[in-house]
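# Notes for the structure review
Chain residues, written in single-letter form:
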Amino acid sequence: MFGDRGRNQVFIQTIPGVGQVTYISGPHFECDGGVQIWADSAVAYENDGMSHLLGTVRYLEAGRELLADEARYFSRLGRLQAQGNMSIRDDAQGSSIENGELLYLRRTEFRDEETMTVAVGPDGRRPEALLMPTAPDSGQADSEPGTPYSVVSDRMFLAGADFTAAGTVQILRDGLLAFADSAEFRQAEGNLLLVGSARVKGETYDLEGGTITMASPDEATNEIEALRDARLASDDILLTSARIVVFMRDDALERLVATEMSFEGEAPPDSLEAGRPEASVEGFVLTADSLEVTASAQTVDRVFAAGTARSVSTTRDSLNVELLPEIARSDWLEGDTVIVTFAPTQPGAESGQEMTVETITALVGARSLYRLEPSDSTSPSEGAIAPAVHYVVGNQITIVMSDGQIEGMQVAGQTQGVHFEPLSRSSDTDTTATNADSTTVIDTTAVIDTLSNETPRPSAGLGEHPPEHPTRDAWSSPMDAPRKERTWTHP
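Computed from a predicted model, the values in this text were never measured in an experiment.

## Here's the deal with the overall build of the protein chain
Per the secondary structure count, the protein chain includes 0 helices and 33 strands. Within the protein chain, the fraction of its 491 residues that count as buried is 45%. Of the contacts made within the protein chain by residues no fewer than 6 positions apart, 49% connect residues no fewer than 24 positions apart. When the accessible surface of the protein chain is summed, it comes to about 24500 Å², and 47% of that surface belongs to carbon and sulfur atoms.

In structure tokens form, the structure reads like this:
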């Protein structure tokens, strides 16, 4: 029906095959369900139950308002189409959408749920939406309006309180920027799901994955989970895994957890879901079944690697030579668990970094290989072709670092080790003698420094230290130069 009908100019015409057509200037429609519509002019087709609205269209129903240059409303079908400077505001959900072409299907006796679709319109402008993490009328005590998500995409679909965006999705919220092929927002849970080439850029990190889920964005603590070929990069660390979870507190990165994905005994569908966690931080690469990184003041202070853990140094390549075996081309530490701690860089340090490695500790079945400059008697100037190599096995190994260099190594519990010194090419040392047996291990809780100036020796009363062995070739691969070798078993 028409409101204020006396103010309307109405012209009615019957067209064969079309039926009665009514031309109205300045219409104001009042429809079932409390719907009201205004426009500069309208053409109503009685047989179709459709009104074509032109110029300054305004559609109003409980808690929702639409503005557009042009609209078509099918009253019997509960269907509204609008385009041209389109904008729609939903006060109940605290959301709004601008630009694009709208298709709105109202809830009716034959439609259980209302839906809304917005796509790029004839003018080529992409829809832009503002979505509140928590609805204003959610009933949460003492809740204040949160910061909305700003979403731009090719298509948007709303069903009830759920929102989906597709087609080169871009999302902005505070200092956070996100991208994906599609995005789903569930207001009841406050979760945002990014699917396909998902990426989230925060102030101090850049997170990528096949899918990314952002949970509880308005809480003091919230989390972001990336799955399938996940990758996190920051100033301090590069982390890759099948699954990465970022824990935030007051919008600051507090903790990272990287694990493989669980499939309840079944093989993963593809390699992207089976990626083993790996962290590159301050010249070290750590791998394990799971990694936990903790941070304070946005700076990494500890990496905890559990399950067949390994730490490899990516520095000191200058010690490598062509014939050096692959196993000795880096310094490494292994164990069931490896823990790396960091300390702030000392004032005046030349590295320019905010932190440096303080200690590296391997627990349970610990093994370590470390390369050193040869001793003075076999220096490179005399023709040595390889570094000295220090290998040790123990229950626990701790490496103490200072300014990026090893300051000391301590081994606790059952201990075995061997130290190789290269000889100069001109050495006439006999390399044919065999080594004495030195594999006996005595249970103990002693702690020794295997990088001290003295070769480790057992405590008094625990037996004699094996004599220094004759020299021999230390590697299974061909080597041009012989080496001095010291092997020990330490209780």
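## Quick look at the confidence of the model for the protein chain
In the predicted model, the protein chain carries a mean pLDDT of 78, and the fraction of residues at 70 or more is 74%. Across residues 377–384 the pLDDT falls below 50, and counting only partners more than four positions away or on other chains, this stretch makes 17 contacts in the model. Low confidence marks residues 453–491, where pLDDT is under 50. Its contacts with residues over four positions away, or in another chain, come to 108 contacts.

## Here we look at the pairing of strand 12 (residues 115–119)
Where strand 11 (residues 101–105) meets strand 12, 5 bridges bridge the pair, whose relative direction is antiparallel. Paired with Glu101 across the two strands is Ala119, which belongs to strand 12. For strand 12 and strand 15 (residues 155–159), the ladder comprises 5 bridges, and the chain directions are antiparallel. Note on strand 15: the bridge partner recorded for Val118 is Met156.

## Considerations on the packing of aromatic side chains
Scanning the entire structure with this criterion turns up 5 aromatic pairs. The ring of Phe74 has Arg79 lying over it, and the distance from NZ or CZ to the ring centre is 5.9 Å. Positioned above the aromatic ring of Phe247 is the side chain of Arg255, whose terminal nitrogen or guanidinium carbon lies 4.1 Å from the ring centre.

## Describing the pairing of strand 22 (residues 252–259)
Alignment of strand 21 (residues 238–249) against strand 22, held across 7 bridges, turns out to be antiparallel. The residue of strand 22 that forms the bridge with Arg243 is Thr259. The hairpin turn running from strand 21 into strand 22, its antiparallel successor, is 2 residues long, and Asp250 in that turn takes a positive phi close to 50°. For strand 22 and strand 25 (residues 290–296), the ladder comprises 5 bridges, and the chain directions are antiparallel. Note that in strand 25 the partner of Leu256 across the bridge is Val293.

## Description of unusual backbone geometry
We note that Thr168 has phi near 50°; this positive angle belongs to a residue other than glycine. A positive phi angle, near 50°, is found at Glu282, a position not held by glycine. Locating Glu282 in the fold gives a position in the loop between strand 23 (278–281) and strand 24 (284–287).

## Things to note about the side chain of Ser241
Counting through the fold element by element, Ser241 comes out in strand 21. Looking at Ser241, its side chain comes within polar contact range of the main-chain oxygen of Arg243, at 3.2 Å. Look past the residues within four positions of Ser241 in its chain and what remains in contact with it is Asp229, Ala230, Ala258, Thr259, Glu260, Gly275, Arg276 and Pro277.

## Describing the nonpolar core
Val151 and Leu194 are the most contacted members of the largest nonpolar core, which has 85 residues in total. It is strand 28 (residues 355–372) that provides the largest number of residues to this core, a total of 6 residues. Once residues lying within four places of it in the same chain are set aside, the contact partners of Val151 are Pro127, Glu128, Ala129, Leu131, Met156, Phe163, Ala165, Val169, Gln170 and Ile171. Grouped together as the second largest cluster of nonpolar side chains are 9 residues, Ala328, Trp332, Leu369 and Phe420 included.

## Observations regarding a negative patch on the surface
A cluster of like negative charges, contributed by Asp112, Glu113, Asp162 and Glu189, occupies part of the molecular surface. Assignment of secondary structure puts Glu189 in the loop between strand 17 (176–186) and strand 18 (191–201).

## With respect to the environment of Glu292
With respect to the helices and strands, Glu292 occurs in strand 25. Since its relative accessible area comes to 21%, Glu292 is described here as partly exposed. Sequence separation of Glu292 and Ala279 is 13 residues, and the distance between their C-alpha atoms is 9.7 Å. Here the side chain of Glu292 touches Arg255 through a polar contact of 2.9 Å, side chain to side chain. A distance of 3.5 Å separates polar atoms of two side chains, one belonging to Glu292 and the other to Arg302.

## Description of the pattern of salt bridges
In this structure the tally under the stated criterion is 19 salt bridges. One salt bridge connects Glu292 with Arg255, and the closest N-O pair in it is separated by 2.9 Å. Separated by 37 residues along the polypeptide, Glu292 in strand 25 and Arg255 in strand 22 bring together distant segments of the chain. With relative accessibility at 28%, the residue Arg255 sits in the partly exposed group. Put simply, Glu334 and Arg310 hold a salt bridge, and the shortest N to O gap is 2.1 Å. With a gap of 24 residues between them, Glu334 in strand 27 (residues 332–344) and Arg310 in strand 26 (residues 299–313) connect regions that are remote in the sequence. Note on Glu334: relative accessible area 16%, which makes it buried. Accessibility expressed as a relative area gives 26% for Arg310, which makes it partly exposed. Here the salt bridges share partners, and the residues they tie into one network are Glu61, Arg64, Asp90, Arg106 and Glu114.

## Focus on the environment of Arg173
The topology assignment puts Arg173 in strand 16 (residues 162–173). Residue classification places Arg173 among the buried positions, given a relative accessible area of 9%. Among the polar contacts listed, one links the side chain of Arg173 to the backbone oxygen of Thr147, at a separation of 2.8 Å.

About the cut-offs
- What you see as residue numbers is a count from 1 along each chain, following the sequence as written.
- The model is predicted, so local features are restricted to residues of pLDDT at least 70 and side-chain atom pairs to those at 80 or more, both for listing and for counting; the totals for chains, interfaces and linings are taken over all residues.
- Only heavy atoms go into the side-chain values, all of them from the structure, while hydrogens and water stay out.
- Runs of E in the DSSP output that reach at least two residues are strands. Runs of H or I that reach at least four are helices, and both are numbered from the N terminus.
- For every residue, the accessible area (1.4 Å probe, protein chains only) is compared with the maximum for its type, and the residue is labelled buried under 20%, exposed over 50%, or partly exposed between those bounds.
- The contact criterion used is simple: two residues touch if any of their non-hydrogen atoms lie within 4.5 Å.
- Surface accessibility in these figures is a Shrake-Rupley result with a 1.4 Å probe; residues are shielded only by whichever protein chains are displayed.
- Along the chain, pLDDT gives the predictor's confidence residue by residue, from 0 to 100.
- At least two DSSP bridges between two strands are needed for those strands to be called paired.
- Only rings of Phe, Tyr and Trp enter the pairing, Trp through its six-membered ring, and a pair is recorded when the two centres are within 6.5 Å. The plane angle decides the type: under 30 degrees is stacked, over 60 is edge-to-face, the rest tilted.
- By definition here, charges over rings are those cases where NZ of Lys or CZ of Arg is within 6 Å of the ring centre and within 35 degrees of the ring normal.
- Pairs of N or O atoms within 3.5 Å make up the polar contacts considered here, provided that, within protein, one atom can donate a hydrogen while the other can accept it, and that residues adjacent in sequence are counted only when both atoms are side-chain atoms.
- To form a nonpolar core, buried Ala, Val, Leu, Ile, Met, Phe, Trp, Tyr and Cys residues must be joined to one another through side-chain atoms within 4.5 Å.
- The patch calculation keeps residues exceeding 30% relative accessible area without a salt bridge and links them within 9 Å when they carry like charges or within 5 Å when they are nonpolar (Val, Leu, Ile, Met, Phe, Trp, Tyr).
- Salt bridge, as used here: a side-chain nitrogen of Lys or Arg that lies within 4 Å of a carboxyl oxygen of Asp or Glu.
- For the purpose of charge, His is not counted, nor are the chain termini; Lys and Arg are scored as positive and Asp and Glu as negative.
- Taken as the charge location is NZ of Lys, CZ of Arg, CG of Asp or CD of Glu.

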